[in-house]
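Descriptive structure summary
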Amino acid sequence: MSLEVRIKKALPGFALDVEFDSGDETLGFLGASGCGKSLTLKCIAGIEKPDEGRIVVNGRVFFDSKEGVNLSPQERKTALLFQNYMLFPNCTVAENVAAGLGRDVPKGERARIVDAELKRFGLEGFGKRYPSQLSGGQQQRVALARMLAAKPGILMLDEPLSALDAHLKGVLEQNLAGLFDAYQGTILYVSHDIDEALRFCDRIAVVDSGRIVEMGTGDDLVNRPRSLAGLKLSGCKNATPARKSGPYSVWLPKWGVELTSAVEVPENVACCGVRARFVERADGPGENCFRMRVDRVSDSRFERMLLLGFIDRDEADVPTVDAHEDEMKYLHQHLFWRLPRIGESELRLPQVGEEVWVRIPKDKIYLVTE
């Protein structure tokens, strides 16, 4: 199984320009809304037509602008699952599952395939019901059964778990796991949730403003991000502009401080990041130690997130911004610090208005160039 994509498409105020190859794997597309993830899948499925480029699935050319090839969605025989599942409301479950089968499939074979897929997804006895008579989880399983019944050359899922509550999302994730185990081939999975992508995907492509800015394993993205987009999408709360100030140091203009790095700083460093949970308590001055003021706190079930202001920043170089004047600039001047609430007395957790010393470990700093 193989997939080759080299396409460009211009829209008002936006340009898609993606290149990637995939094999027998689940490849995730991770990015913010409007970055081009869904548009890429629609181009592969034939719903949208690229302006130029080439799409080849399992050796078959779906699209080639130079050769004038542009197969219809029906000819491509792909499976694209949207978050709303797109079941036919006036068709029964069995009819929905059979919808992707070609007219050349004999009636007996059609019934056998439908029964097999209903059984695979635990839907025996539901064949005569209609989508409105099913729960959200059951509707998703019908959509998944329809995808596999059609024996597509490629599976594509566009944020199938978005807008679900935590319990239902956990149940439906198991349905997807069953689908991925049953399918041998290329699966493309669109998401904006890093944990979701890590659970399902062998590799992850970070999409930003219509381009793939980095691609690698989930471990690469979490521990070795190479772009600002990757840094943010991996869940790093502290990502701030940086410029090289020495072989192993960077100046952070929005924070008004200098950090020492454990690795040599690239000449073209653009951004520095540190995860909120990597920030440590400190006893006083030292390497990468800063006197901070707790400006905000927010609690979840198991953690406290603190927003820390740098007390000793050079006000002439980086004047403090009031939150009421510009909330985003205010946040960008602060350091996020995450502390566990479990196992630590509430009395020891810093409170708003307190002064604290923290350390940013030099071996926990990310330096990215794009």
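Residues numbered from 1 in each chain as written. Predicted model: local features only at pLDDT ≥ 70, side-chain atom pairs only at ≥ 80, totals over all residues. Heavy atoms only, no water.

**Focus on the overall build of the protein**
Note the cut-off: Only DSSP runs of H or I covering at least 4 residues are called helices, and only runs of E covering at least 2 are called strands; the numbering of each starts at the N terminus. Relative accessibility thresholds used throughout: buried, under 20% of the residue-type maximum; exposed, over 50%; partly exposed, between the two (1.4 Å probe, protein chains only). Two residues qualify as a contact provided that any one of their heavy atoms is within 4.5 Å of a heavy atom in the partner residue. Counting rule applied: Lys, Arg positive; Asp, Glu negative; His and chain ends not counted. By convention, the charge on Lys lies at NZ, on Arg at CZ, on Asp at CG and on Glu at CD.
Each helix and strand counted, the protein has ten helices and 22 strands in total. In terms of principal-axis extent, the alpha carbons of the protein reach across some 80 × 50 × 35 Å. The buried share of the protein, reckoned over its 370 residues, is 49%. Within the protein, residue pairs in contact and separated by at least 24 positions form 66% of the contacts whose partners lie at least 6 positions apart. Averaging the coordinates of the 49 positive side-chain charges in the protein and doing the same for the 54 negative ones gives two points 5 Å apart.

**Brief notes about the pairing of strand 2 (residues 14-22)**
What counts here: When DSSP finds at least two bridges between two strands, those strands are taken to pair.
The alternating pattern of strand 2 places Phe14, Leu16, Val18, Phe20 and Ser22 on a buried face and Ala15, Asp17, Glu19 and Asp21 on a face that is not buried. Here nine bridges tie strand 1 (residues 3-11) to strand 2, and the two strands are oriented antiparallel to one another. Of the residues in strand 2, the one forming a bridge with Lys9 is Leu16. The antiparallel hairpin formed by strand 1 and strand 2 contains two residues in its connecting segment, where Gly13 sits at a positive phi of about 75°.

**Quick notes on the nonpolar core**
Here is the rule: Working definition of a nonpolar core: buried Ala, Val, Leu, Ile, Met, Phe, Trp, Tyr and Cys residues. They are joined through side-chain atoms within 4.5 Å.
Among the nonpolar cores identified, the biggest contains 43 residues, and Val97, Leu144, Leu155, Leu157, Leu176, Leu179 and Tyr189 are the most heavily contacted of them. Of the residues forming this core, the biggest block, seven residues, is contributed by helix 5 (residues 136-149). Core analysis: the second largest hydrophobic core is formed by 32 residues, Leu252, Val294, Leu306 and Val368 among them.

**A short note on helix 4 (residues 107-120)**
Put simply, the rule reads: Expected span, for any helix, means 1.5 Å times one less than how many residues it has.
With 14 residues, helix 4 extends 20 Å between its outermost C-alpha atoms, agreeing within 8% with the 20 Å of an ideal straight helix rising 1.5 Å per residue. For helix 4, the elements touching its buried residues are helix 3 (93-98) and helix 5. Positive phi appears at Gly122, one or two residues downstream of helix 4, with a value of about 65°.

**With respect to empty space enclosed by the protein**
Over the atoms rolls a probe the size of a water molecule, and its path tells where empty space is left. Let me state the cut-off plainly: Here a cavity denotes grid points, spaced 1 Å and computed from the protein atoms alone, that fit a 1.4 Å probe unable to get out, and a pocket denotes an open set having protein on both sides within 12 Å along at least 5 of 7 lines; residues with an atom within 4 Å of a point are the lining. Grid points are joined across faces, edges and corners, and a volume is the space filled by probe spheres set on the points. Lys, Arg, Asp and Glu make up the charged group, whereas Ala, Val, Leu, Ile, Met, Phe, Trp, Tyr, Cys and Pro make up the nonpolar group; the residues left over, Gly among them, are polar.
Inspection of the entire model under this criterion finds one cavity of 30 Å³ or more. What the largest cavity holds in volume is close to 40 Å³. Around the largest cavity, the lining residues are Ile204, Val206, Glu214, Met215, Gly216, Thr217, Asp220, Leu221 and Arg226. At the level of elements, strand 10 (203-208), strand 11 (211-216) and helix 8 (218-223) are the ones that each hand at least two residues to the lining of the largest cavity. No other element matches strand 11, which puts three residues into the lining of the largest cavity. Here the residues of the lining of the largest cavity are counted per class, giving four nonpolar, two polar and three charged.

**Overview of the layout of surface pockets**
The space that makes up the largest pocket amounts to roughly 720 Å³. Those elements that place two or more of their residues in the lining of the largest pocket are helix 2 (73-76), strand 7 (79-81) and helix 5. Partitioned by chemical class, the residues of the lining of the largest pocket number 15 nonpolar, three polar and two charged. Its boundaries defined by the atoms lining it, the second largest pocket holds a volume of some 360 Å³. Taken together, 16 residues make up the lining of the second largest pocket; nearest its centre are Lys232, Lys237, Asn238, Ala239 and His332.

**Some points on the sheet that holds strand 1**
Spelled out, the test is: Each axis is a line fitted through C-alpha atoms, and for a helix only the stretch in contact is used; angles between axes span 0 to 180 degrees, taken between their N-to-C directions.
Reading across from one edge, 2-1-4-5-6 is the order of the five strands in this open sheet, with antiparallel pairing throughout. On the outer flanks of this sheet lie strand 2 and strand 6 (69-70), each paired with one strand and no other. Bridge analysis of strand 5 (residues 60-64) against strand 6 gives two bridges, and the strand direction is antiparallel. Across the sheet, Asp64 pairs through a bridge with Val69, a residue of strand 6. Against the sheet, helix 1 (residues 37-45) contacts strand 1, strand 2, strand 4 (52-57) and strand 5, and its axis sits at roughly 65° relative to strand 2.

**Concerning the sheet that holds strand 16 (residues 271-274)**
Across a sheet, paired strands are connected by hydrogen bonds in the backbone, their directions being either parallel or antiparallel. A sheet is described by the order of its strands in space; here three strands give the open sequence 12-16-22, paired in antiparallel fashion. Strand pairing shows two members of the sheet lacking a second neighbour, strand 12 (238-241) and strand 22 (366-368), which therefore form its edges. Neighbour to neighbour, the strand axes of the sheet diverge by 20° on average, direction disregarded. Direction of pairing for strand 12 relative to strand 16: antiparallel, over a ladder of four bridges.

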